[in-house]
Amino acid sequence: MTPSSNPPSPLPKPASRPDGRLVELDALRGIAAFIVVLHHAYLTLPDLPGAIDWLLTETPLRPISMGRQAVVFFFVLSGFVLTRALAAQEDKGPGSVLSLGGWGHYAAQRALRLGLPVLASLLFSALLQAVFWRAPLPEGTPHIVGGAAWSSMWTLPDLATQALLMSSGDGFQLNPVLWSLVHEWRIALLLPFVLLFRGKLALLLAVSLIGAGIARMAGMPEGQVALGETIGQTFASSAGFLPAFAAGAALAMWKAAPRLDRGQNLAAGIAVLVMMAAASDYGVIAASVLLIMMAQRGGAFAAWLRQPPLLWLGRVSFSLYLVHMPLLLALTHLLRDAELPYVVAAIAIPLSLPVAAAMNRFVEQPAHRLARALRAPAPAGRLARRAG
């Protein structure tokens, strides 16, 4: 804008719920979860026609064929929304987060919010396997439904290990998507400490890059970090995702974050389309940050995200992420002799939506209520005054 230009009219504020949650970001999370569903369905299909394969591998639709971009976006978004909430809580009550008791309360809440739905998804998959599994699928079956899951009947020790998010390699046989929850759980426990970097965001990002270096030295190059073949390697791979969470956290604490004008918003949208199709995690991280900024700008994009179907998809996104693989596995084994992968995908994708809604209502929402019911410890200062 030149000095002689008229100032632009104020941008409409993004919508939020009474608890301060930005609903546009919920919608983005829902879209990302649905992309993961499409990705796993894509992995079960035989060779596609050349034109369709080109669209899914060489255009901005590439996240459907890769899937990884959606997971990296989840991590950036988690860093943003959790840090935003933690910062607001700490501002309201100093010590409510940055104290031993405050951190313990936060960790217990996260354990309930993540752990109960994870356990429910594993029990759901175990039940489906007990009903539909007869033997391992034939050699040559796509890895995601062949070697990566249901390769043998589950046992109670296996179930317990997976419920505690302590598996490695292809250990999440009942629900392979849980590999990302390993990193989500571990790094979320560290997020309260990012508040110590307020005003030092460059240092926060620099420290997070040390984690990427650790993953690289452990033999997991950027863009390929997943879980690791041993428990030790899983910690190295968790470190490799620190930049994604740190980028989201830095954006949440960036007081001078620019509000995009119309031209900047258009440029950001083009950048997102290009970088979300990249194989580089850093390109996807940058695109994720821009996407979050665009969603908060208001305007046409934010209005589109506030459509009821997208808001609904956002509400059930975590449950959708957890239930779609057990359904895909069950249908694959049920129709194994018919060899109808397109039919399996065509049924699994829409079926995942009502099952996710049921999971959200009967497991995820009660887990959230239970987490909110946990009594927070009194701030240290209050305890000191009582003692006096």
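From a predicted model like this one, the values you see are computed outputs, not experimental measurements.

Peer 1: Which residues make up the overall build of the protein chain, and what values go with them?
Peer 2: Helix and strand counts for the protein chain stand at 17 helices and 0 strands. Here the C-alpha radius of gyration of the protein chain, 22 Å, is about what a compact globule of 388 residues would show, namely 21 Å. Taking the principal axes of the C-alpha coordinates as reference, the protein chain spans close to 70 × 60 × 45 Å. Evaluated residue by residue, the protein chain yields a buried proportion of 47% over its 388 residues. Taking all contacts inside the protein chain whose residues are at least 6 apart in sequence as the whole, residues at least 24 apart take part in 77%. Once the 29 positive and 19 negative side-chain charges of the protein chain are each reduced to a mean point, those two points are 17 Å apart.

Peer 1: How would you summarise the pattern of salt bridges if you had to cite specific residues and measurements?
Peer 2: Pairing between side chains of opposite charge can happen when their charged atoms approach one another. Per the counting criterion, the structure on display carries 5 salt bridges. Note that Glu-24 is salt-bridged to Arg-306, the shortest N-O span being 2.7 Å. Residue Glu-24 is located in helix α1 (residues 23-43), and its partner Arg-306 is located in the loop between α13 (299-305) and α14 (308-315); the two are separated by 282 residues in the primary sequence. Looking at Glu-24, the relative accessible area reads 1%, which means it is buried. For Arg-306, a relative accessible area of 29% translates into the label partly exposed.

Peer 1: Give me the lowdown on the packing of aromatic side chains, citing residues and values where you can.
Peer 2: Summed over the entire model, instances satisfying the criterion amount to 5 aromatic pairs. Residues Trp-179 and Phe-241 carry aromatic rings whose centres are separated by 6.1 Å and whose planes lie at 45° to one another, so their mutual orientation is tilted. Here Trp-179, found in helix α7 (residues 178-190), pairs with Phe-241, found in the loop between α9 (231-240) and α10 (242-253); they are 62 residues apart in sequence, far enough to count as distant. The class of Phe-241 is buried, set by a relative accessible area of 3%. Centre to centre, the rings of Phe-301 and Trp-304 are 6.3 Å apart; their planes meet at 20°, and the pair counts as stacked. Of this pair, Phe-301 and Trp-304 both sit in helix α13, 3 residues apart, roughly one helical turn. By way of ring pairs, the aromatic residues Phe-75, Trp-179, Phe-241 and Phe-245 are connected into one cluster. In this structure, Arg-186 packs its charged tip against the face of Phe-235, placed 3.7 Å from the ring centre.

Peer 1: Give a description of the side chain of Ser-319 that names residues and reports values.
Peer 2: Residue position: Ser-319 is located in helix α15 (residues 317-334). If sequence neighbours within four positions are ignored, Ser-319 has contacts with Ala-356, Met-359, Asn-360 and Glu-364.

Peer 1: Break down a nonpolar patch on the surface for me, citing the residues and quoting the values.
Peer 2: Residues Leu-203, Val-207, Ile-210, Ile-214 and Met-217 make up a contiguous nonpolar surface patch of roughly 510 Å² in combined accessible area. Inspection of the secondary structure puts Val-207 in helix α8 (residues 201-217). Residue classification places Val-207 among the partly exposed residues on the basis of a relative accessible area of 38%.

Peer 1: Hey, could you go over the environment of Ala-356 for me, with residue numbers and the actual values?
Peer 2: Mapped onto the secondary structure, Ala-356 falls in helix α16 (residues 341-373). C-alpha separation for the pair Ala-356 and Asp-26, spaced 330 residues apart in sequence, amounts to 15 Å. What Ala-356 contacts, discounting residues up to four positions off in sequence, is Val-316, Ser-319, Leu-320 and Val-323.

Peer 1: Just give me the short version of unusual backbone geometry, but keep the residues and values in it.
Peer 2: Located in the positive-phi region is Trp-150, a residue other than glycine, with phi close to 55°. Positionally, Trp-150 belongs in the loop between α5 (100-132) and α6 (156-163). Despite not being glycine, Leu-165 shows a phi value in the positive range, around 55°. Within the secondary structure, Leu-165 sits in the loop between α6 and α7.

Peer 1: Go over helix α11 (residues 262-275), please, and point to the residues and values.
Peer 2: The first and last C-alpha atoms of α11 sit 20 Å apart over 14 residues, in line with the 20 Å expected at 1.5 Å per residue. Those residues of α11 not exposed but buried are Asn-265, Ala-268, Gly-269 and Val-272. Each buried residue of α11 sits inside an arc of 105° when the element is viewed along its axis, so together they form one side. Among the exposed residues of α11, those oriented more than 90 degrees off its buried face are Leu-266 and Val-274. Buried-residue contacts for α11 involve α12 (281-297).

Peer 1: Just give me the short version of the confidence of the model for the protein chain, but keep the residues and values in it.
Peer 2: Taken over all residues, the pLDDT of the protein chain has a mean of 88, while the share at 70 or more is 92%. In the model, residues 1-12 has pLDDT below 50 throughout and makes 10 contacts with residues more than four positions away in sequence or in other chains.

Peer 1: So, the nonpolar core: which residues are in play, and what are the values?
Peer 2: Ranked by internal contacts, the top residues of the largest apolar core, which has 100 residues, are Leu-25, Phe-73, Leu-178, Leu-181, Leu-191 and Ile-292. The element best represented in this core is helix α4 (residues 68-92), accounting for 12 residues. If we ignore the near neighbours within four places in the chain, the residues touching Leu-178 are Val-118, Ser-121, Leu-122, Gln-162, Leu-165, Phe-172 and Leu-322.

Rules used in this analysis
Residues numbered from 1 in each chain as written. Predicted model: local features only at pLDDT ≥ 70, side-chain atom pairs only at ≥ 80, totals over all residues. Heavy atoms only, no water. Helix = DSSP H or I, 4+ residues; strand = E, 2+ residues; numbered from the N terminus. Rg over C-alpha atoms; globule rule 2.2 N^0.38 Å. Buried < 20%, exposed > 50% of the residue type's maximum accessible area, 1.4 Å probe, protein only. Contact = heavy atoms within 4.5 Å. Lys, Arg positive; Asp, Glu negative; His and termini not counted. Charge placed at Lys NZ, Arg CZ, Asp CG, Glu CD. Salt bridge = Lys/Arg side-chain N within 4 Å of Asp/Glu carboxyl O. Phe/Tyr/Trp six-rings, centres within 6.5 Å; stacked < 30°, edge-to-face > 60°. Lys NZ or Arg CZ within 6 Å of the ring centre and 35° of its normal. Patch = residues over 30% accessible without salt bridge, like charges linked within 9 Å, V, L, I, M, F, W, Y side chains within 5 Å. Areas by Shrake-Rupley, 256 points an atom, 1.4 Å probe, with all protein chains shown as cover. Expected span 1.5 Å × (residues − 1). Arc of directions from axis to C-beta. pLDDT = per-residue confidence, 0-100. Core = buried A, V, L, I, M, F, W, Y, C linked by side-chain atoms within 4.5 Å.

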